[in-house]
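# Structure assessment
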Amino acid sequence: MYLPLNMGTLRHLHYKMYKPFGMLSQLSSNDERQIRKKHFLRELFNFPEGSMPIGRLDEKSEGLLLLTTDGKLSDTINQSGIEKEYLAQLDGIIAAHAITLLQKGVQIGFEGKIYQTKPCQIVALASPPALPPPDPSLRIGRHRPTSWIRIILTEGKFRQVRKMTAAVGFPTLRLVRIRIGTITLDRMKPGQVQAVSQIH
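Residues numbered from 1 in each chain as written. Predicted model: local features only at pLDDT ≥ 70, side-chain atom pairs only at ≥ 80, totals over all residues. Heavy atoms only, no water.

Turning our attention to the overall build of the protein chain. Counting its secondary structure elements, the protein chain contains four helices and eleven strands. The globule rule puts the C-alpha radius of gyration for 200 residues at 16 Å, and the 17 Å found for the protein chain is close to it. A principal-axis box enclosing the C-alpha atoms of the protein chain has dimensions of 50 × 35 × 35 Å. The buried share of the protein chain, reckoned over its 200 residues, is 44%. Look at the contacts in the protein chain between residues 6 or more apart in sequence, and 72% of them connect residues 24 or more apart. (Helix = DSSP H or I, 4+ residues; strand = E, 2+ residues; numbered from the N terminus. Rg over C-alpha atoms; globule rule 2.2 N^0.38 Å. Buried < 20%, exposed > 50% of the residue type's maximum accessible area, 1.4 Å probe, protein only. Contact = heavy atoms within 4.5 Å.)

Encoded structure:
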């Protein structure tokens, strides 16, 4: 899908970044206690005034995050049903029947209610993907074998991938978003930021 990152004006600025593990998907906070204890995007780059994330990744997830100074663009992408692609490392070797359940949609909790996820694309990977090393605090694979899946969603409920894999018995240990529409993470490293212009 084409992302109209210029949206009829050349004055707005757009960025893509590799959000690291352990960082909030926001520039700052009005909560002084949170400011003392958490890490924010402004620590990585001097984003221009008015910048905002397009969507979010939870604190323990990493990978592609888009930012823009164009609020209308942010709303358009968030509401468009655009594809978002993730790589997820799971606790245990995922079974074929679990893949099928995820593809068809599973029930997860969302805003205090039961939500049925939409059908999605998902495949088990034969070998681990080429990614930067995980954060040491994850302590992955020390006690049990793990497996990797590639999952493509057209929705983005809070912690959706994590809730989905947990629902079929394979909790997510590491989650990396690698694509939003046509914009990809490429070979970026955690904490890197790049300016983005119109992308096809």
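Below, the discussion takes up the confidence of the model for the protein chain. Summing up the model confidence of the protein chain, the mean pLDDT is 89 and the portion of residues at 70 or higher is 93%. Of all the helices and strands in the protein chain, helix H2 (residues 71–78) carries the lowest mean pLDDT, 79, while helix H3 (residues 96–104) carries the highest, 98. A low-confidence stretch, residues 5–9 stays under pLDDT 50, and its non-local contacts, those more than four residues away or across chains, total 13 contacts. (pLDDT = per-residue confidence, 0-100.)

Here Ile77 is to be found in helix H2. Assessed through its relative accessible area of 4%, Ile77 is described here as buried.

As a further point, take the nonpolar core. Grouped together as the largest cluster of nonpolar side chains are 21 residues, with contacts concentrated most on Ile94, Ile151 and Met164. Of all the secondary structure elements, the ones that give two or more residues to this core are strand E4 (84–91), H3, strand E8 (146–153) and helix H4 (160–167). For Ile151, the residues in contact, after removing those within four places along its chain, are Lys84, Glu85, Tyr86, Cys120, Gln121, Ile122, Val161 and Met164. Core analysis: the second largest hydrophobic core is formed by 15 residues, Leu66, Ile77, Leu87 and Ile178 among them. (Core = buried A, V, L, I, M, F, W, Y, C linked by side-chain atoms within 4.5 Å.)

What follows deals with the environment of Lys157. For Lys157, the location among the structural elements is in the loop between E8 and H4. Lys157 sits in the partly exposed class, given a relative accessible area of 27%. When the C-alpha positions of Lys157 and Asn30 are compared, they lie 24 Å apart, and in sequence the two are 127 residues distant.

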